[in-house]
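Descriptive analysis of the structure
Spelled out, the chains give:
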Amino acid sequence: MVKKILSARSPIKTLEKNLKGGYGPGHLGVFASRKGVGKTACLVQIALDRLFEEKPVIHVSYASRVDYIISWYEELFKKLAGLENLRSEMEIHDRIVRNRVILNFRQEGMKTEQVLKSIEALLGPGHFSARTIIVDGFNFYLPCAGDLALFKKFAADRQLEFWFSCSLRGDDPLFDDQGLPFVLKDYLSSLDIIITLEHDDGRVRLNLVKDHDQISNKKLRLELDPQTLLLTRI
Amino acid sequence: MNGTLQRMRNIGISAHIDSGKTTLTERILYYCKKIHRIHEVKGKEGGGATMDYMELERERGITITSATTNVTWNEHSINIIDTPGHVDFTIEVERSLRVLDGAILVLCSVGGVQSQTLTVDKQLKRYNVPAIAFINKLDRIGANPFKVKDQINDKLGRRAALLQVPVGLEDKFQGLVDLIRMKAFYFDGPNGEIVREEEIPPELEDLAWQYREELLDTVSLLSDEVTEAILEDRVTEEMLWKAIRKGTINREFTPVLMGSAYRNKGVQLLLDAVVNYLPNPSEVENIALDLDQEEKAVILKADPSLPCVAYAFKLEEGPYGQLTYIRIYQGSLRKGDELYNTRSRQKFKVGRVVRMHADHMEDIEGTGAGDIAALFGVDCASGDTICSPGLNYAMTSIYVPEPVISLAIEPSDKLSADRLARALNRFAKEDPTFRVYIDPESKQTIIQGMGELHLDVYVERMKREYRVEVVTGRPQVAYREAITARADFDYTHKKQTGGAGQFGRVIGYIEPFDGQYEFVNEIKGGHIPREFIPSCDKGFQAMLKKGQLIGSPIIGLRVVLTDGQYHPVDSSDIAFQMAAQGAFKQAYKKARPQILEPIMKVVVETPSEFSGNVFGSLNQRRGIIVSSVEDGTYSRIEAEVPLSEMFGYSTVLRSMTQGQAEFTMEFLRYARLPASLAEQLMEEQRAKLEAEEKK
């Protein structure tokens, strides 16, 4: 299948191969950077990677409008389809739409219990068998150790993988000596993978700073093309 | 005519169903002294609200057809069109908006921006109608006008600011603070008719100043004068009124007012805002097309002394004949004037001219540019343009969506067939989205419309207004057929049965096409004479009416004619039509045709606790859940669901959510029907054809 080939060639697979402990059900991963560097692009490409394999995805957003999120998917799908010359583009696109649900929580201070309840409603009575949950716009600057513990437990119980974005803000320095964002240091026990995005001479490099039990500031052989916002191998 | 052009307003009241717009209209009529007693929607006193004038509307507690009425407020003449909120009746909303100069967008202070608000908002934007927002039901538990204002900004993408803040909320809601005058207003008397002005309660001062600042910030973006005045601390009420008016008319700003129509609070201030901020007819540019000059656009002037141009936006068949609601854009008309219908090209004399007030009317001598009135006994269709003789203008025609559902009907007794025909004739004339035809095969009468409820309402009206009981079949979905591949044809039609023969040969291909249908002639060298090319086109078009899979119309097809052959004696128009039909039959099956079904955009609003059930129910119906937006306790779930799966969904949804959820749907697109269902339909079609053959 074209989709299989596409998925096998995906830079996301390269990313996963680089993780010593692998990635899968029960895990929580985070992409961290300042605003506008490309976290959402990374999250959407992970989602598309799963969707190309016909694995349903739930995209949870705390901030953006639904049409804005959809346009992210449309843009990146079009670029990926263009790159790979997908023949049955429309058909694959329709399947992607069928396997993706966007959950948008608009209210400030929406409780994590409620968010998980909604995901549960989709998985259970909604018969939507997602295994990957994308969470964009979660505020790590509010005390959230309890929330992350809830996400972690839910991921383990329901055998789900979670990918978050973390928007870094405030004055420099934002990272410690090992490259860990200060804001995430209190939550290391819940977070399995932390990847930071860094501007480097007109390019956006990805650094793996936490890989399960290991804290290592390892430059991944991946970068985000600032023009197309697609992940590419170096 | 009441007052001059500057003192005239044509406004509509648009909203999500159940936002209380009929109650609001009722209060407006009361405060403008058009009625002397307030009736409630679903009133226990035997009367419904005055604007819901049809018996059926009273019974269901919903507004179906727009009633127009005229009121006077502060020496201004205001024509109000009460528009229905349900999506099934949006043609009414669209027609009303076409003739309005401004609108009140009613929102519920608890529900905020709901699915239908989005549809109505889109329509307001499509017709460039300036609007003011009114957040109703501040007395309800959970009322939060601040949140609703944010939603108007975020969800509707409008630049909106509060002009008022509430004094108390829910059961403690007492009055409003006007942020321009910085005064509090209370509504006394048994029906809130006495407006009392007071100082702002001290505990609300901070809140009032905070929101006044927000208002000034927003208004400063609209007016340099206000920006300067803010810097120099000399902002006046007049300055703000002027800037808000300008911003509203230019559709750069949406003033937000609030109140509780049911509790008689805030309506008079809303009427002040209608007069202050919404445009008079001379401030809105209207364009007509001059049919004598290749439809050149002509700007109409709201000047009563110029030749008349009017637009018939609504028809109603009453006991005294046809009533035609018109909006006059230019000139004036009086009883006895001769006018010209530019579509039917017929002249007629103006008989009675009336001004409407819900279901009773007032005879007037005539009226002029900007006004809305109704004419008696004029033979025309809705959407027609009426001019003074000498002018040949057409107002831009309104957008009419294609019907997506059909229903076979039959009178329960033969005697009422006549009355049924009259009813159908009238409904089809009044509502362009309601269509009627006789199925040539089954000889059944088929009605078509925009949804189940749309057709239900007409079936009820047949019963009530025409005393016709009808037996209905199962609602049928409007399927389509489309090809998915290119296929060649080379077909010769040849007939020699004594006398003149028939001969025509066509060569070419058919292929999928983005639009409805296209015919391309690529023949070079005259292998088919020019006069027979239209015959080929006609022959192909005849085949589009009924596809070979299930007999549904074919869409998205291009025919390219590349070559052919003719006979100097035996070729004829009919021979080439037959050749084209034969060619189509030859190519169609090879072009891998498939059945398409209408997909609806369904929006369900439900308390979040039931969202799991709703997800499940949509999933069961082959739906794709696109998104779910949660806002505290409510979820707004958007899905794409095949229309054929949505029959009876309202009952299912009600029982699943204890009656607390509601949904709207509208046609989105056509999509391929899954193979197993397509097979089933084709099997039914085969059985039907066999049965017919046996007959």
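Report follows, based on the coordinates. The structure displayed is predicted, hence computed values, not measured ones. (Residues numbered from 1 in each chain as written. Chains lettered and ligands numbered in written order. Predicted model: local features only at pLDDT ≥ 70, side-chain atom pairs only at ≥ 80, totals over all residues.)

1. A short note on the environment of Leu19(A)
Residues and elements named next belong to chain A. Basically, it comes down to this: Numbering of helices and strands runs from the N terminus; a helix is a DSSP stretch of H or I covering at least four residues, while a strand is a stretch of E covering at least two. Exposed residues have 12 or fewer other C-beta atoms within 10 Å of their own C-beta, buried residues have 20 or more, and partly exposed residues fall in between, where C-beta atoms are placed from the backbone. What counts as a contact is two residues whose backbone-derived C-beta atoms lie within 7 Å of each other.
Turning to its location among the elements, Leu 19 is positioned in the loop between helix 2 (11–18) and strand 1 (28–34). The exposure class of Leu 19 is partly exposed, given the 19 C-beta atoms found within 10 Å. Those residues in contact with Leu 19 that lie beyond four places of it in its chain are Ile 193 and Asp 211.

2. What about the interface of chain B and chain A?
Note the following rule: When residues are sorted by character, Ala, Val, Leu, Ile, Met, Phe, Trp, Tyr, Cys and Pro go into the nonpolar class, Asp, Glu, Lys and Arg into the charged class, and all the rest, Gly among them, into the polar class. DSSP bridges decide pairing: two strands pair if at least two such bridges lie between them.
At the junction of the two partners, chain B supplies 16 residues and chain A supplies 18 residues. At the level of elements, helix 14 (611–620) and strand 36 (624–631) of chain B are the ones that each hand at least two residues to the side of chain B that touches chain A. Within the side of chain B that touches chain A, the residues separate by chemical class into five nonpolar, nine polar and two charged. Of the pairings in the sheet, the one linking strand 3 (residues 100–105) of chain A to strand 36 of chain B comprises four bridges and is parallel in character. By the bridge assignment for strand 36 of chain B, Ile102(A) is matched with Ser627(B).

3. Digging into the pairing of strand 9 (residues 183–188) of chain B
Residues and elements named next belong to chain B. Where strand 8 (residues 175–178) and strand 9 come together, four bridges link them in antiparallel fashion. Looking at the pairing, Asp 178 lines up with Lys 183 of strand 9. Between strand 8 and strand 9, which pair antiparallel in sequence order, lie four residues; one of them, Met 182, sits at a positive phi of approximately 50°. Alignment of strand 9 against strand 10 (residues 194–198), held across five bridges, turns out to be antiparallel. Each bridged residue has a counterpart across the sheet, and for Ala 184 the counterpart in strand 10 is Glu 198.

4. What about the packing of helix 6 (residues 112–123) of chain A against helix 7 (residues 145–158) of chain A?
Residues and elements named next belong to chain A. Using the following cut-off: The axes are straight lines fitted to the C-alpha atoms, using for helices just the contacting stretch, and the angles between their N-to-C directions are given from 0 to 180°. When describing relative orientation, an angle under 35 degrees is termed roughly parallel and one over 145 degrees roughly antiparallel, while 65 to 115 degrees is termed roughly perpendicular and anything else oblique. It is the rotation of the near helix from the far one that decides the hand of a crossing: anticlockwise by less than a right angle makes it left-handed, clockwise makes it right-handed.
Here helix 6 crosses helix 7 at 20°, and the two axes come no closer than 10 Å. With respect to their mutual orientation, helix 6 and helix 7 come out roughly parallel. Along this stretch, helix 6 crosses helix 7, giving a crossing that reads as right-handed. Here helix 6 contributes Thr 112, Glu 113, Leu 116 and Leu 123 to the contact with helix 7, which in turn contributes Asp 147, Leu 150, Phe 151, Phe 154 and Arg 158. Tallied by class, the residues present in the contact of helix 6 with helix 7 amount to five nonpolar, one polar and three charged.

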